[in-house]
Amino acid sequence: MTGAMSENPYQSLDALAVMPLWRHHGDLFTPEPQASAVPYLWRYAALRPYMLHFTNRLSLEEAARRVLMLVNPGLSDPPATVNSLFAGIQVIMPGEAARAHRHAANAFRFIIEGESAYTTVNGERIHMRPGDLLLTPGWHWHDHFHEGNGPVMWLDGLDYPLTNALEAGFFELFGDRVQKPYVADDLSSRKFIHGRLNPAWENADSRFSPVGNYPWRETERAFVAMGDDVEGSDSEGIVLEYTNPWNGGPVLPTTDCKITRLRPGFRGRLRRTTASTIMHVVRGEGHVEFDDRRLEFGPHDVIAVPGWRAHRLANTSTDSDAILFSYSNAPALRALGLLRVDHPESANDPPG
Ligand code: GTQ
């Protein structure tokens, strides 16, 4: 059957499930990436009272995970922090257990405050201390438990916006409420703790790091051992990447995790990358400058840096370091040949 062409052929195209490319070329092939996410900062001091409020009002039986999602004002469907990554603040109270589940999305936690909580990941209990980075790679069972005093809070990072965009999401509840440990406590971190000395009796490789916890004391030790005379990057400061000990690559297949030391008074060169980044302030004060706004940060704040937005990092203190934990989707972009980084000139840069 051949449909008769109507007066306005454009109107008939819809029913045939076609569109004229010449009317869409401009928005499908933009000269440069157009992030939907906006640069944004979540102030920890403003969120913390709400976190504590909900510890009294909402049990973990009801909530499953007591998390405030940091939703970028430019991204609501799905709620996300930057285009392909999520950040949330989670709190767990003494005696509480967040029940075991697993999902295809990769996850990690960066501990903000509190002691004596642990997460069990595929049968290994992994203890948390402030500044520790704990990994939960995709499809690993995980539940959280707290046996100490006072709240334990951490930053959750997940890549579910990417998993879901690719329509590759799976989720499953564990049969029991929590896992029974079947691996010695903190074994994976103890085995790989020396960084450049890896277990030679295991000859494995995986696209995610086998390390359950990158403890803060080791991270801090690395900065101290490195000394004050390393140059660092003129745009990013003294930036170290947490690595997969099998291959030196990122800790998760889609996501890299880094820790940055900005020396007192550091003011970085303007930089932009197609990777989207989320930063979390471990300590110190400073700002991230964009062309249209300046985000002033303090301890434990979280900052969204959307892709291809030129920005400049600064430590505004003249006597203390600023330490930033950050994660980005650079590994996903690199794998697809889409990672670009450059240093645009700006009116504020000295010539030459
Ligand atoms: O702790 O397992 O923020 O499954 C979002 C989804 C945390 C978790 C989040 C999760 C978790």
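Further up the page is the structure itself.
Please read all numbers here as calculations on a predicted model, not as lab measurements.

Cut-offs used in this document
- In every chain, residue numbers begin from 1 and rise along the written sequence.
- For a predicted model such as this one, the threshold for reporting local features is a pLDDT of at least 70, and the threshold for listing and counting side-chain atom pairs is 80 or more; totals across whole chains, interfaces and linings nevertheless cover every residue.
- Processing note: side-chain calculations cover all non-hydrogen atoms of the structure and skip hydrogens and water entirely.
- Residue proximity to a molecule or strand is established when one non-hydrogen atom of the residue lies within 4 Å of it.
- Counting of polar contacts relies on pairs of N or O atoms within 3.5 Å, with two restrictions inside protein: one atom must be capable of donating a hydrogen and the other of accepting it, and residues adjacent in sequence are counted only when both atoms are side-chain atoms.
- Only the protein chains shown count as covering a residue, and every accessible area follows the Shrake-Rupley method with a 1.4 Å probe.
- For helices the rule is a DSSP run of H or I covering at least 4 residues; for strands it is a run of E covering at least 2, with both sets numbered from the N terminus onward.
- Classification used: nonpolar for Ala, Val, Leu, Ile, Met, Phe, Trp, Tyr, Cys and Pro, charged for Asp, Glu, Lys and Arg, polar for all others including Gly.
- Definition of nonpolar core: a set of buried residues of the types Ala, Val, Leu, Ile, Met, Phe, Trp, Tyr and Cys, connected through side-chain atoms within 4.5 Å.
- Each residue's exposure class comes from its accessible area (1.4 Å probe, protein chains only) as a fraction of the maximum for that residue type: buried when under 20%, exposed when over 50%, partly exposed otherwise.
- Any two strands between which DSSP finds at least two bridges are classified as paired.
- Angles here are taken between N-to-C directions and fall from 0 to 180 degrees, while the axes themselves are lines fitted to C-alpha atoms, restricted in helices to the stretch in contact.
- Pairs were defined over the aromatic rings of Phe, Tyr and Trp, the Trp ring being its six-membered one, requiring ring centres within 6.5 Å. Orientation was assigned from the angle between planes: stacked under 30 degrees, edge-to-face over 60, tilted for the rest.
- By definition in these notes, contact holds between two residues if any of their heavy atoms fall within 4.5 Å.
- We define a salt bridge as a contact between a side-chain nitrogen of Lys or Arg and a carboxyl oxygen of Asp or Glu at a distance within 4 Å.

Chemist: Would you mind going over the site of the ligand with me for this structure?
Modeler: As a structural note, the neighbourhood of the ligand is formed by R65, V67, F86, Q90, H101, H103, R109, H142, H144, D156 and L158. In this structure, an oxygen atom belonging to the ligand sits 2.9 Å away from a side-chain N or O atom of H103. Between the ligand and the protein, one listed contact pairs an oxygen atom with a side-chain N or O atom of R109 at 3.2 Å. For the ligand, whose unbound accessible area comes to 290 Å², protein coverage reaches 87%. Only strand 3 (86-92), strand 4 (97-103), strand 9 (142-146) and strand 10 (152-158) provide two or more residues apiece to the shell around the ligand. Its residues assigned to classes, the shell around the ligand comprises three nonpolar, five polar and three charged.

Chemist: When you look at the nonpolar core in this model, what are you seeing that I'm missing?
Modeler: Most often, soluble globular proteins have nonpolar side chains that are buried together. Counting residues in each nonpolar core, the largest one holds 37 residues, and the members touching the most others are I89, L133, L155, Y242, I259, F325 and Y327. Residues V281, F290, L295 and F297 belong to the second largest nonpolar core, which totals 14 residues.

Chemist: What is the right way to look at the sheet that holds strand 7 (residues 124-127) in this model?
Modeler: The pairing of strands in a sheet comes from backbone hydrogen bonds and takes either a parallel or an antiparallel form. Taken in spatial order, the five strands make up an open sheet running 7-6-9-4-11, and their pairing is antiparallel. The strands lining the two open edges of the sheet, one partner per strand, are strand 7 and strand 11 (171-173). For this sheet the average axis-to-axis angle between neighbouring strands, irrespective of direction, equals 25 degrees. Of the pairings in the sheet, the one linking strand 6 (residues 117-121) to strand 7 comprises four bridges and is antiparallel in character. Its bridge partner being in strand 7, T119 is matched across the sheet by I126.

Chemist: Quick question: what am I supposed to make of the packing of aromatic side chains here?
Modeler: Centre distance and the angle of the planes are the two values used to describe a pair of aromatic rings. Applying the stated criterion across every chain yields a total of 13 aromatic pairs. Measuring from centroid to centroid gives 4.3 Å for F110 and F325, while their planes differ by 20 degrees, and the two rings are stacked. One end of the pair, F110, is in strand 5 (residues 107-113); the other, F325, is in strand 21 (residues 322-328), and 215 residues separate them in sequence. Judged by relative accessible area, F325 falls into the buried class, the value being 0%. Pairing Y214 with Y242 gives two aromatic rings, centres 5.5 Å apart and planes at 80 degrees, and the pair type is edge-to-face.

Chemist: Whenever I open this one, the sheet that holds strand 18 (residues 294-297) confuses me. Can you help?
Modeler: Strand order in this open sheet of three strands is 18-17-20, and the pairing throughout is antiparallel. Of all strands in the sheet, those bounded by a partner on one side alone are strand 18 and strand 20 (312-315). Pairwise comparison of adjacent strand axes, ignoring direction, gives a mean angle of 15 degrees for this sheet. Taken together, the four bridges between strand 17 (residues 286-289) and strand 20 define a ladder with antiparallel strand orientation. In the sheet register, G286 faces strand 20, and the bridge partner there is N315.

Chemist: Could you clarify how one ought to interpret the side chain of R102 in this entry?
Modeler: If you trace the backbone, R102 turns up in strand 4. Look at R102 and you get buried, because its relative accessible area is 17%. Looking at R102, its side chain comes within polar contact range of the side chain of E172, at 2.8 Å. Those residues within four positions of R102 in sequence are excluded, and the remaining contacts are W139, H140, W141, H142, F170, F171 and E172.

Chemist: Looking at this model, I keep getting lost on unusual backbone geometry. Mind explaining?
Modeler: Phi is mostly negative for residues that are not glycine, and the peptide bonds are mostly trans. With omega at 0 degrees, the peptide bond leading from D77 into P78 counts as cis. Here P78 shows up in the loop between strand 2 (67-69) and strand 3. Even without a glycine there, the phi angle at N122 is positive, about 45 degrees. The phi dihedral of W139 falls on the positive side, at around 70 degrees, and the residue is not glycine. Relative to the elements of secondary structure, W139 occurs in the loop between strand 8 (133-136) and strand 9.

Chemist: Would you mind going over the pattern of salt bridges with me for this structure?
Modeler: Note on pairing: side chains with opposite charge can pair once their charged atoms come close. Applying the stated criterion to the full structure yields 25 salt bridges. We note a salt bridge from E220 to R283, for which the minimum N-O separation is 3.2 Å. Here E220 is found in helix 7 (residues 216-226), whereas its partner R283 is found in strand 16 (residues 277-283), with 63 residues between them in sequence. Its salt-bridge partner being D228, residue R261 comes within 2.7 Å of it at the nearest N-O pair. Here D228 lies in the loop between helix 7 and strand 13 (238-241) and R261 lies in strand 14 (residues 256-262), a separation of 33 residues in the sequence. Several salt bridges share partner residues, and in doing so they unite D291, D292, R293 and R309 into one network.

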